[in-house]
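# Structure assessment
What follows is each chain in one-letter form.
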Amino acid sequence: MTSASDPSSSPLDLENIRRTLTRLEDTIIFLLIERAQFAHNPRMYTKDGFADVLHRDGFTGSWLEWLLRETETSHAKIRRYDSPDEHPFTPRADLPAPILPPLNYPPLLVDPTGINVNPAIVTFYLDSIVPSITRTVTDHLGKANDDGNYGSAGTRDIECLQAISRRIHCGMFVSESKFLSHPAAFVPHILNPNPDELLALITKPAVEAALLVRLENKARWYGAELGPDGEPVRDSGKEKVSAEEVVRLYREYIIPLTKDVEVEYLLHRLDGLSQAEIDALAAQQGPA
Ligand SMILES: C=C(O[C@@H]1C=C(C(=O)O)C=C[C@H]1O)C(=O)O
């Protein structure tokens, strides 16, 4: 697990994991602020947006897909994707092996690479978030909402996507923590797959409600200009990012997709276990 977690407690301690999720709120808000300073630049996301530049190398994807592949190729070499909380957007089979020796991560999760919801993350990020947080600019080179900053905006997109991906896939650690706290509650709905029942078991409405209130306050503060008195100027129209949009991102996309990851992880939690191991978990009413 990355930053903000309490080193004194277990990486599967639920409050420890929630501290990491809370810290990622700050990271995601500030990265959205960075992206929001550039235009939408929709040309970056279409297959033929940069055909003249990219197709020479035989690459037929979009600017963003190319930049992701280039970025993740170098990150794979420094073993970023050996970490159980990192998931590439580029297919793993297309990435090179690390040039550094493997780190011995503790086997905390069952099959951490088995779930990857990054395609869904890209879809909602490009379709719903980028158009709403970026500013409207006058035409650049005769193209609407295009400021020509394809490198800067593209690198900010990648930073946003990576942070959102880390946050959503953190759901596997949350799910493992909840499972270990009361295996018997989950086992019947895994053996007879019941995603709705598993969703009900992992959903904590009070935690979600508190998160959205905290998030809106953070986004208003982080996105505000400070007045002469040093206080944030509210509703100045010069906010660096829309607090409403940040809250919508979490309410409509990040939280639901995190819970999808939690449920998907649980559905495969017993894979590969012996009948005796499953029977023991089915009888375990509390933490081991
Ligand atoms: C992440 C958790 O699981 C669920 C998902 C949440 C989220 O994505 O923010 C919050 C509470 C739960 O409904 C948790 O319990 O902390």
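What you see is a predicted model; the values in this text were computed from it and never measured.

### Let's talk about the site of the ligand
Close contacts around the ligand come from 15 residues, with R18, R167, K178, E208 and E262 the closest. Between an oxygen atom of the ligand and a side-chain N or O atom of E208, the distance comes to 2.6 Å. A distance of 2.7 Å separates an oxygen atom of the ligand from a polar side-chain atom of E262. With the chains in place, 99% of the 370 Å² that the ligand exposes on its own is no longer accessible.

### Considering the pattern of salt bridges
Counted under the stated rule, the structure contains 19 salt bridges. In this structure, the salt-bridge partner of D26 is R23, at a minimum N-O distance of 3.9 Å. With a gap of three residues between them, D26 and R23 both fall in helix α1 (residues 14-36), about one helical turn apart. For D26, a relative accessible area of 16% corresponds to the buried category. Between E86 and R166 there is a salt bridge; the shortest N-O distance is 3.7 Å. With E86 in the loop between α3 (63-77) and α4 (118-133) and R166 in helix α5 (residues 150-169), this pair connects stretches of sequence that are 80 residues apart. Of the two residues, E86 and R166, both sit in the buried class.

### Brief notes about the UniProt feature "domain: Chorismate mutase" (unreviewed entry) in the protein chain
Residues annotated by UniProt as "domain: Chorismate mutase" (unreviewed entry) correspond here to residues 155-262. Helix makes up 75% of residues 155-262 and strand 0%, with an end-to-end C-alpha separation of 29 Å.

### Structural notes on a nonpolar patch on the surface
A cluster of nonpolar side chains, I78, I99 and L100, forms an exposed patch at the surface whose accessible area comes to about 300 Å². By relative accessible area, L100 is classed as partly exposed at 38%.

### So, the packing of α1 against α4
The description of two helices packed together rests on the angle between their axes and the distance between the axes. Contact pair α1 / α4: the axes reach a minimum separation of 9 Å and the direction vectors enclose 70°. On the basis of the axis angle, α1 is roughly perpendicular to α4. Of the two possible hands of crossing, α1 and α4 adopt the one that is right-handed. Residue-level inspection shows L32, R35 and A36 of α1 in contact with α4, the latter providing Y125, I129, V130 and I133. Residues belonging to the contact of α1 with α4 are distributed by class as follows: six nonpolar, no polar and one charged.

### Let's talk about the packing of α4 against helix α10 (residues 243-267)
Where α4 contacts α10, the axes come no closer than 11 Å and their chain directions differ by 170°. Overall, the two elements α4 and α10 adopt an arrangement that is roughly antiparallel. Counted together, A120, I121, F124, S128, I129, S132 and I133 of α4 and E245, R248, L249, Y253, I254 and L257 of α10 form the full contact between these two elements. Residue composition of the contact of α4 with α10, grouped by class: nine nonpolar, two polar and two charged.

### Focus: the side chain of S128
Topologically, S128 is positioned in helix α4. At 3.0 Å, the side chain of S128 forms a polar contact with the side chain of R248. Discounting chain neighbours no more than four positions away, the residues touching S128 are T123, E245, R248 and Y253.

What counts and how
Residues numbered from 1 in each chain as written. Predicted model: local features only at pLDDT ≥ 70, side-chain atom pairs only at ≥ 80, totals over all residues. Heavy atoms only, no water. Near = heavy atom within 4 Å. Polar contact = N/O pair within 3.5 Å; in protein donor to acceptor, adjacent residues only side chain to side chain. Areas by Shrake-Rupley, 256 points an atom, 1.4 Å probe, with all protein chains shown as cover. Salt bridge = Lys/Arg side-chain N within 4 Å of Asp/Glu carboxyl O. Helix = DSSP H or I, 4+ residues; strand = E, 2+ residues; numbered from the N terminus. Buried < 20%, exposed > 50% of the residue type's maximum accessible area, 1.4 Å probe, protein only. UniProt positions renumbered as here; feature names shortened; annotations may be inferred. Patch = residues over 30% accessible without salt bridge, like charges linked within 9 Å, V, L, I, M, F, W, Y side chains within 5 Å. Axes fitted to C-alpha atoms, helices over the stretch in contact; angles between N-to-C directions. Parallel < 35°, antiparallel > 145°, perpendicular 65-115°, else oblique. Left-handed = near helix turned anticlockwise from the far one by under 90°. Contact = heavy atoms within 4.5 Å. Nonpolar A, V, L, I, M, F, W, Y, C, P; charged D, E, K, R; others polar.

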